[in-house]
Structure formats: structure tokens, C-alpha cells
Amino acid sequence: MTRTGIRSRSLIPLAGFAAAALVFIASLLVSGSQLLHQADLESNGHRMGFWESSQALTEAQRLRAELYRAQHLDDDGAELALRFEILWSRLLLLDAGREGATTYPAIEQVRAALPAIFTRLSRVEALLPAVTAGNAAAFAEAEELAASTIAELAEAHRTLNQDRQLTAEAASLGLRRLQATFAISTLGLVGSMALLCGLLFWLWRRAQRTLASAAAAEDRARRSERLLRVVVDALPVMVSAHDREGHFTLANRALAAFRGTTEDRLLGRLPGDADGEGRDIATALAARAQLPFRETEAEAGDGTRRTLLTTAAPVGEEGGAISAVVRIGIDITERKAAEEQIRYMAEHDSLTGLANRMLFTRALSRALADGAPVALHLVDLDNFKDVNDSLGHAAGDALLLTATGRMRGCLGPGDLLARLGGDEFAVIQSGLRSEAEAEETAARLVRALTAPFGIDGALVQAGASIGIAMAPADGADGLALLQRADIALHRAKGAGRGRSLRFSAAMAAEQAERRLLEADVKQALADRAFEFDYQPKFRVADLRFAGCEALLRWRHPVRGAVPPDRFIPAAEAAGLSLRLVRHTLRMALRQQAAWRAEGIDVRVAVNVSARHIVSGQVSALVREALELEEGRADRLELEVTEDVFIRDPGAAAATLAGLRELGVRLALDDFGTGYSSLGYLQQLPFDVIKLDRTFVAGLGSSTRTERIVDAVVRIAHGLGASLVAEGVETVEQLARLREIGCDEAQGFLLGRPMPAKALALMAGSAAAPEPACGAAGGQALTSAA
């Protein structure tokens, strides 16, 4: 063989080593790069500015509402100034971090618009005194500037929300790519080790042949051995060679460092079997073939436990005899830890550390697989949104963490607690001995979450509602069980919250019926299938016709007459309540116009929800209906219940004052049955107080009731309001009301609810039919808006 050929053959080991090292290093670099990229995506998932833009938008809307209040009400401007300062502080928070902070295009785009917003708000601030003083021009300019600011903040909020969603999607995609990259990197590591193993076999065989060759080849053998030594010591993996008895004949630098010793101390010794080293050598000798790669645990020289990926292969002579065994091991502890971290991130909630929906779904499927009893609890924190909105997201996070700790304390060691999202949690309870055990666990959770939470130095009342579903009784698969627990949860929240309820078949049937009813209500609105019956009201003194109350009716072609206490909640659940109020107001005004065309002027009372009064939505609906139907505000009367006292008296007073400015009459319905408060009654501007039928029923039979009615009449007259008695059914009741001084009355004795044509005939006669002696009998129909 020529010298060139020998030199070429000498380069083969170096080329093989280089290829193996390149594959190994490339695998590590790609894995590290992907891990850093994923960490960057995870950190960018928590975008700055989204909460600040949401708060700024909310405060801008409140400022605009306060502008209206300052312009139209007698206000000293203090609340308006406070709202302005709060909005300014929210915008400063949104603009914070401009210098030296990590930024991204979406927040920079939003911040670029802030100078113009600050300029407009400075002008608004200058206009505030004039607005408070009632300057209409200043109010118009300030309102226009506020509207422009709200529009820009709304656009900024949408931009930041879209950016956050895109970042979250990128992080999710990056996580899947990272998992794929680690899988490919593992293949690269295994491939490089296989290549190194083959290279070592080749070098070992060459060294053996060299040692057995003639003295002329002895120099080449020494060079090959030195080359082998350099290659073996340079490898970032642990390499050892053993004779047939297992004694060390070679140990590279990486193996000696791992063992915390030197090669000289290892040579000639038998390997321990803590990591299966001796077993691998014996197995490779017996199999006469390379062993598959496997993971094993080993103790390093410093006492730490490490994870190794190992293989062993026999070294055969030319005659086929096995003379030695080479064993290779690579420390993959860090890679395994990274894989575990990725798996943990994919399966757990980042805030609470609880199982997320993905891990929860798998755990539920495993728990249901053997058919044993399992309870699923869906837990919803009742007032989490209020805490989040009033105290901020940091307080909301603190509440979630504290609630998580309390729930863990209520569960057994085999139970799984998961966070499904927002303020919704789930508990998988296995190994149940009875259904009562699941209900006891739910009761403990409710009690634990009902206790006040200390958040940022303040006591916060949260509470929780829980829906329970049991397997296999309520469902054998995870999806069915989850759906039924959700049905029970919604029933618990609808029943007043702060409680737990077990799913029943009746709940599912009722939910299906509610959905059908909601669809029917929506169709009825589209078809204008709702109509009014009108119950007349008369002056008690002379029984002259005084007006009527419009009672909403729905006669379904299949269901028949559907009472308001069924279709009104269905409309609210379907988000149709505002449409229903708009429809009833316009329908009442159209009927008034039709009666006026016949020469009959009738005052009509329409019921409206206290919720819509508190929200301020009724004012706009009434104004719109009066304009579209060209109605007379002084002939329209709105009846509200005492719920306005409970929900928000301040907001209710503002709305009622606005309705009074429109000229609409206001009536307090069912007085005495709810949260009656003379203090609130003095503040809220009612024209009419309607005495509930429960008091009227006691007239003539209860002296205490008559005294209460007499006191209510005096209170109403003292406040400048008239008193209307509901549910008058006997002549004696009517007589007592006349003696006490009641202004108006309605009831079956005087007239039942009737169609518009019948009421027109009664109004034309201007008096009630002469009441017969005795009770009229029957039940009054429920009125509704």
C-alpha cells in the first residue's frame, strides 16, 4: 500500500470522530436554541398594556357618563374631577415604561397615540369648571373630546388584545415545535453515539491487528493507539473497555471525571452494578451483538443521581472470538429535566401550578376507565369578577392562589384539583364509598371559600357555587360527566350561589326546556307575538276611570298561555330583555295613539325591570319610544319594584330623575313586600305608590293591617304621591280604602285584565261597573314588563 493510501486510511477515524461530534453538538445547539425561543415566547405571552388599556377605556366611559351627570344634574363637579384624575392616572400607567423597557410593536403603536389623547384630555380638564357650571357649549366640546378619546382607547384595547392572542398562539405552536425538536435531537444523539460506537469498534479492531502484526507495523500500532486515546478522551461521553471477565482495560477522561477518580485507579477493577454496568457487559458477551440504548440511573462521584443513556458492544477477533466489550454512556440528566419542564408547562396552570384542562381531561378519562365511582365537582368563584374589576388583576391573582390553597386543604390525597380557566376549577374525586361522601366534600369546599379573603389589607367576600356529577350514574365518559356537572353548576348559581347541587335528570330536562323556551321567545319577538291585556284603575272616591296597567301576555300556538314569570327570565337568559322592553314600550305608546284617534285619552302604566333602571338603559329606551311613536310622556307611567333599593340606590335615583325630566310618571310597585326603606323612598322621586295586594286582603279582617294601610296612605300623601291599591276583590275592601283615603284601586272587583277594545268601551263610559256584593273571586294575573 502506498504512503498516500496509508495516510488516507489514517484520516478515517478523524473524519468519523468529526462527524459524530458535529451531530452531537448540533443536537445540543438546536435543543438549546429552541428552548430559549420557547422561553421568550412564554415571557412575551404576558403582554404589558392590555390591562392598562382596558382600565383606561372603562374610566374614559365613566368620565363621559359623569360629564352628562354634571351637565344635567345639580353637581359640585367633585365626582367629575375625580373621574378625570383616575383616567389620567390610567393613561400614565399605559404610557409607563417607555424608557429602557422591553417593548413590542403593538404597545408602541398604542403609545404613539397617547400624546394626542393627553392633549385632548388637557382641553377637557380646562372645560370641566364650565361644564359643572352648566355651560352647554363647554359640555358639547368636552363630550366630543371624550367620545374621540373613548374611540381611540377602544381601538388601542382591540389592538393589544389581538396582539396578546397572537402571542399566545405563537407560544402554543412553539411548544409543539420544541417537543418535536427534542425528539429529533434525541435521535441525533442516539445516531452520534451509534456512529461513535462503530468508530470505536473499528479502531479497537485495528489496534488489535496492529499489536499482532510484525515489528514493522509496531510503530503504526502505537500511533493508532495514541489516536484512539485522544479520540476517546476528547469524547463528551463516557467510554470504557473491559476484558471477558469484566475488568477495566480502558476508561476515558469523561468516565473518570464522572466517577470522581482516575483511569489508573479504575484499570484492572471490576465494575459495580449500581447502574447495570456489569450486567450490560455480561449481556453483550452472551448476545455477541450491540445492546439497544437504554436509560439508567447512576450515582456520580459527588453523590448526585444522574440519568445515563448507555449501550455495550462486544469486540470480536478475526476468528470470531470475543476478546473485549466496549461500553458507552452519555449523561442526559439536563435533557431529561428540560423535557420534564416542558411536559409540566404543557400540563399545568402557570399561576396556581394546578393541573390544566389538558391534564384534567386525561386524568378524568383514566379515573373513569375502570368503572369505579367517581365524583366530578365544577367550582366557580362567585364574586371573582367584582374583585378583579375593583381591586385589579394582581388582587384577582392573589384571590385565586388563596382559594387554591383552601381547596387543597379540603381534598383527600387521591383527589385531583385542576384550574380549567378564569375562576373555574374542577375536582376529580375517586375511590368513593358513597354519594354522600362527594356531597360532604362539596360542602367543605363551599364553607372554605365562603370565609372572607384577606387581599391587599382588605377583607374580600368571594364564595363559590359547585355543580356535582357522579359516574357512572350521571355519565360514563368524561364529556358527558363534564356537561352534567356544568348543568348542576348553573343551577346552583341560579339558585342564589354559595351552594353545591348534585346533577339530576330533571335538571337536564329543564335546561333543554329553557333553551327551547329561549328560542321561542326570540321567535315571538321577531313575529311580534307578544300582546297586552289592560287592567283598569279607578278613583276610589267616585269609581271614575283613571287609567290602566298594561300586562304583557304571550299565547304560544303549542304551549298555550305562557306566564310572564316563565318567559321574562328566558328573555333575560337569552340576552333579549332590552329588546322586550323596547317592544313593550312602543306597543303601549302605539295603543295610546290608537285610543286617542278614537277620542279616548288613557294613561297607561308599563312595568320595567329594576335592573334596567339601575343600569340607566331605560332612559334611552323611553326617549327612543316616545320619539318614534310620537307619544305623550305625561300619559306614560313606569312601574318599578322595590329591588331598586337593593341593587344601587344612587344609580336608580339618577335614572329616575332623568325619566322625570322626560315627563314620565313613576310608580313604586308592590310596596311593602320587598326592601321597603322610608329613607330611600324620600330620595327617589315617585309619583305613585302601589300598595301590594297582601295588605288589601287584610282590610276588614285585621285591625293591624288597616293601621298599616292608613300609615302608608299618609306617607304617600306626605311625599306628594298618590296611593293605588292592588288586588281589590271585595266591596268591604273597597269601602275601607275609601274611608282610609286611598286614591285609586284596581282588582277583579272593579275589572279584570281585558283586550284593548274592551278597555276602550270601559274608558268611554268613564266609570266602573257597579260592584256586586261579596268577593269577586279568582286570582290576579301576574304583570310583567
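Now for a look at the structure at hand. (Residues numbered from 1 in each chain as written. Predicted model: local features only at pLDDT ≥ 70, side-chain atom pairs only at ≥ 80, totals over all residues. Heavy atoms only, no water.)

## Overview of the overall build of the chain
Note the cut-off: The secondary structure listing takes helices from DSSP runs of H or I that are at least 4 residues long and strands from runs of E that are at least 2 residues long, numbered from the N terminus. For the exposure calls, accessible area comes from a 1.4 Å probe over protein chains only, and a residue counts as buried if that area is under 20% of its type's maximum, exposed if over 50%, partly exposed in between. Where accessible areas are quoted, they stem from the Shrake-Rupley method and a 1.4 Å probe; at the residue level, only the protein chains shown are allowed to cover.
When you go through the chain residue by residue, the secondary structure sums to 28 helices and 21 strands. Looking at the chain residue by residue over its 785 residues, the buried ones come to 46%. If you sum the accessible surface of the chain, you get close to 37,100 Å²; carbon and sulfur atoms cover 54% of it.

## A closer look at the pattern of salt bridges
Just so we agree on the cut-off: A pair is scored as a salt bridge if a Lys or Arg side-chain nitrogen falls within 4 Å of a carboxyl oxygen belonging to Asp or Glu.
On inspection of all chains with the given rule, the structure shows 44 salt bridges. A salt bridge links Arg64 to Glu143; its shortest N-O distance comes to 2.5 Å. Here Arg64 is found in helix α2 (residues 50-72), whereas its partner Glu143 is found in helix α6 (residues 136-212), with 79 residues between them in sequence. By relative accessible area, Glu143 is classed as buried at 14%. Note that Arg582 is salt-bridged to Glu624, the shortest N-O span being 3.1 Å. Here Arg582 is found in helix α19 (residues 577-597), whereas its partner Glu624 is found in helix α21 (residues 617-629), with 42 residues between them in sequence. Residue Arg582 is classed as partly exposed on the basis of its relative accessible area, which comes to 29%. The class of Glu624 is partly exposed, set by a relative accessible area of 26%. Where salt bridges share partners, they join Lys537, Arg603, Glu637, Arg665 and Glu744 into one cluster.

## Remarks on unusual backbone geometry
Most peptide bonds take the trans form, and the phi angle of most residues other than glycine is negative. Backbone torsion omega between Ala471 and Pro472 reads 5°, so that peptide bond is classified as cis. Of note, Pro472 is situated in the loop between β11 (464-471) and α16 (478-494). Although it is not a glycine, Arg497 sits at a positive phi angle of roughly 65°. If you trace the backbone, Arg497 turns up in the loop between α16 and β12 (500-502). You can call Arg497 partly exposed: its relative accessible area is 37%. Positive phi, normally seen in glycine, also occurs at Leu543, with a value near 60°.

## Some remarks on the sheet that holds strand β2 (residues 248-251)
The line we're drawing: One requirement defines pairing of two strands: DSSP has to find at least two bridges between them. Here the axes come from fitting lines to C-alpha atoms, over the contacting stretch only for helices, and the angles between their N-to-C directions go from 0 to 180 degrees. By the convention used here, residues are in contact when the closest approach between their heavy atoms is within 4.5 Å.
With respect to topology, five strands assemble into an open sheet ordered β2-β1-β5-β4-β3, the strand pairing being antiparallel. With partners counted over all chains shown, the strands left at the sheet margins are β2 and β3 (294-299), one partner each. With strand direction ignored, the average angle separating the axes of adjacent strands in the sheet is 30°. Bridge count between strand β1 (residues 238-242) and strand β5 (residues 322-331): five bridges; the pairing is antiparallel. Counted as the bridge partner of Val239 is Ile328 from β5. Strands β1, β2, β3, β4 (305-316) and β5 of the sheet are contacted by helix α10 (residues 277-287), whose axis makes an angle of about 135° with β5. Along the sheet, helix α11 (residues 333-347) contacts β3, β4 and β5; its crossing angle with β4, the most-contacted strand, is approximately 130°.

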